[in-house]
Amino acid sequence: MNFLAHLYLSQNNTNIMIGNFIADHIRGNNYEGFSKEIQQGIFLHREIDTFTDAHKIVRKSKRRLHKRYRHYDGVIIDIFFDHFLAKNWADYSAIPLDVYTTKINHLFEEISSELPLKSQQFIKYMIEYNILFNYQFEEGIEKVLNGMNNRTKGKSQMNLAIEDLKILHQEFENDFTIFFKDLRDFVNQKLVDIHQSTLTI
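Just so it is clear, the structure is predicted and the values come from calculations on it, not from any experiment.

Novice: What am I meant to see in the packing of aromatic side chains here?
Specialist: We describe a pair of aromatic rings using the distance from one ring centre to the other and the angle between the two ring planes. Under the criterion given, the structure shown has 21 aromatic pairs. On the basis of an interplanar angle of 65 degrees and a centroid distance of 5.1 Å, the ring pair of Phe80 and Phe172 is categorised as edge-to-face. Residue Phe80 is found in helix H5 (residues 73–87), and its partner Phe172 is found in helix H11 (residues 169–198); the two are separated by 92 residues along the sequence. The interplanar angle of 75 degrees and the centroid separation of 6.0 Å between the aromatic rings of Phe133 and Phe137 together place this pair among those described as edge-to-face. Accessibility expressed as a relative area gives 23% for Phe133, which makes it partly exposed. Feature note: the residues Tyr8, Phe51, Phe81, Phe84, Trp89, Tyr92, Tyr100, Phe176, Phe179, Phe180 and Phe186 constitute an aromatic cluster, connected by ring pairs. Lying over the aromatic face of Tyr129, Lys143 brings its terminal NZ or CZ to 4.3 Å of the ring centre.

Novice: Hey, could you run me through the packing of helix H3 (residues 36–54) against helix H4 (residues 56–69) in this one?
Specialist: Each packed pair of helices is defined by two parameters, the angle between the axes and the distance between the axes. Between H3 and H4, the least distance of the axes is 5 Å, while the angle of their chain directions is 65 degrees. In contact with Thr52, Asp53 and Ala54 of H3, H4 contributes Lys56, Val58, Arg59 and Lys62. By residue class, the composition of the contact of H3 with H4 is 2 nonpolar, 1 polar and 4 charged.

Novice: Would you explain the pattern of salt bridges in this entry?
Specialist: Think of it this way: side chains of opposite charge can pair up when their charged atoms draw near. This structure, assessed with the given rule, holds 8 salt bridges. Here Asp175 and Arg64 are joined by a salt bridge, their closest N and O atoms 2.4 Å apart. Of the two residues, Asp175 is situated in helix H11 and Arg64 in helix H4; the sequence distance between them amounts to 111 residues. For Asp175, a relative accessible area of 2% gives the class buried. One salt bridge connects Lys87 with Glu173, and the closest N-O pair in it is separated by 3.0 Å. With Lys87 in helix H5 and Glu173 in helix H11, the pair connects residues that are 86 residues apart, well separated along the chain. Judged by its relative accessible area of 38%, Lys87 is partly exposed. Via salt bridges that share partners, Lys60, Arg64 and Asp175 belong to a single interconnected network.

Novice: Would you mind showing me how to read the side chain of Glu173 here?
Specialist: Given the relative accessible area of 10%, Glu173 is considered buried. A polar side-chain atom of Glu173 sits 3.0 Å from a polar atom in the side chain of Lys87. Once residues lying within four places of it in the same chain are set aside, the contact partners of Glu173 are Phe84, Lys87 and Asn88.

Novice: Explain the packing of H5 against helix H9 (residues 138–151) to me, please; I cannot follow it from the model alone.
Specialist: Taken N-terminus to C-terminus, the directions of H5 and H9 make an angle of 160 degrees; their axes are 10 Å apart at the nearest point. In terms of orientation, H5 and H9 fall into the roughly antiparallel class. When the axes of H5 and H9 are compared, the crossing they make is right-handed. Along the contact surface, H5 presents Val75, Ile79, Phe80 and His83, while H9 presents Glu138, Ile141, Val144, Leu145 and Met148. Tallied by class, residues from the contact of H5 with H9 come to 7 nonpolar, 1 polar and 1 charged.

Novice: Sorry, what's going on with the side chain of Asp78 here?
Specialist: Checked against the element boundaries, Asp78 lands in helix H5. Discounting residues that sit within four places of it in the chain, Asp78 has contacts with Met1 and Asn2.

Novice: Can you help me understand helix H6 (residues 97–111) in this one?
Specialist: Since the α-helix advances by 3.6 residues per turn, residues separated by three or four positions end up pointing in the same direction. Counted at 1.5 Å a residue, the expected span for H6 with its 15 residues is 21 Å, and the 21 Å between its end C-alpha atoms agrees. Three or more residues of H6 are buried, namely Leu97, Tyr100, Thr101, Ile104, Asn105, Leu107, Phe108 and Ile111. Axial view of H6: buried residues confined to an arc of 165 degrees, hence all on one face. The exposed residues of H6 that point more than 90 degrees off its buried face are Lys103, Glu109 and Glu110. Turning to H6, the residues buried within the fold contact helix H1 (3–8), helix H2 (14–22), H5, helix H7 (117–128) and helix H8 (131–134).

Novice: What exactly am I supposed to notice about the nonpolar core here?
Specialist: A general tendency of soluble globular proteins is for nonpolar side chains to be buried together. Ranked by internal contacts, the top residues of the largest apolar core, which has 64 residues, are Phe80, Phe108 and Phe180. No other element matches H11, which puts 9 residues into this core.

What counts, and at which threshold
Residues numbered from 1 in each chain as written. Predicted model: local features only at pLDDT ≥ 70, side-chain atom pairs only at ≥ 80, totals over all residues. Heavy atoms only, no water. Phe/Tyr/Trp six-rings, centres within 6.5 Å; stacked < 30°, edge-to-face > 60°. Helix = DSSP H or I, 4+ residues; strand = E, 2+ residues; numbered from the N terminus. Buried < 20%, exposed > 50% of the residue type's maximum accessible area, 1.4 Å probe, protein only. Lys NZ or Arg CZ within 6 Å of the ring centre and 35° of its normal. Axes fitted to C-alpha atoms, helices over the stretch in contact; angles between N-to-C directions. Contact = heavy atoms within 4.5 Å. Nonpolar A, V, L, I, M, F, W, Y, C, P; charged D, E, K, R; others polar. Salt bridge = Lys/Arg side-chain N within 4 Å of Asp/Glu carboxyl O. Polar contact = N/O pair within 3.5 Å; in protein donor to acceptor, adjacent residues only side chain to side chain. Parallel < 35°, antiparallel > 145°, perpendicular 65-115°, else oblique. Left-handed = near helix turned anticlockwise from the far one by under 90°. Expected span 1.5 Å × (residues − 1). Arc of directions from axis to C-beta. Core = buried A, V, L, I, M, F, W, Y, C linked by side-chain atoms within 4.5 Å.

Here it is, written out as structure tokens:
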């Protein structure tokens, strides 16, 4: 899953949200300088990624893209699924998406200097282009895919994936809806497990 989903799945716990957000920029056990709740967010992020990669629906989604994009298929699906979460946000949250993403932007702008450098760089980009809010629009997804393609110096051809999103929009949305229900159930239990395991850290 991508940034919006990871934040949403943190269930409005600010410190777990922070850990979930920075987790990709924390290697191994380099989380030890953070509070227990931020560590919980890092652990949760890793559990979400493991669950996602193993899920049969996600694998089905990736197969639709694999021939064209190879090992970038998972990155693209993560972005697509954030699109469907944003597009259908009212089905999952009583807080309007513009209100939610504005609060997120303010939170991370305030604490950016305390976070890993790569997180700081993404926060600047996220706020400047209002990325989380714009995930709901195909134009927003196209911008993200273009940026990812530029980061790979054109090797990934991820900029072309907007075509796949338009052509197979309903199929990908159906995949997301089924998978996200399973993921939410998984996270509800995993938060309990992670909390119990970190009591002994």
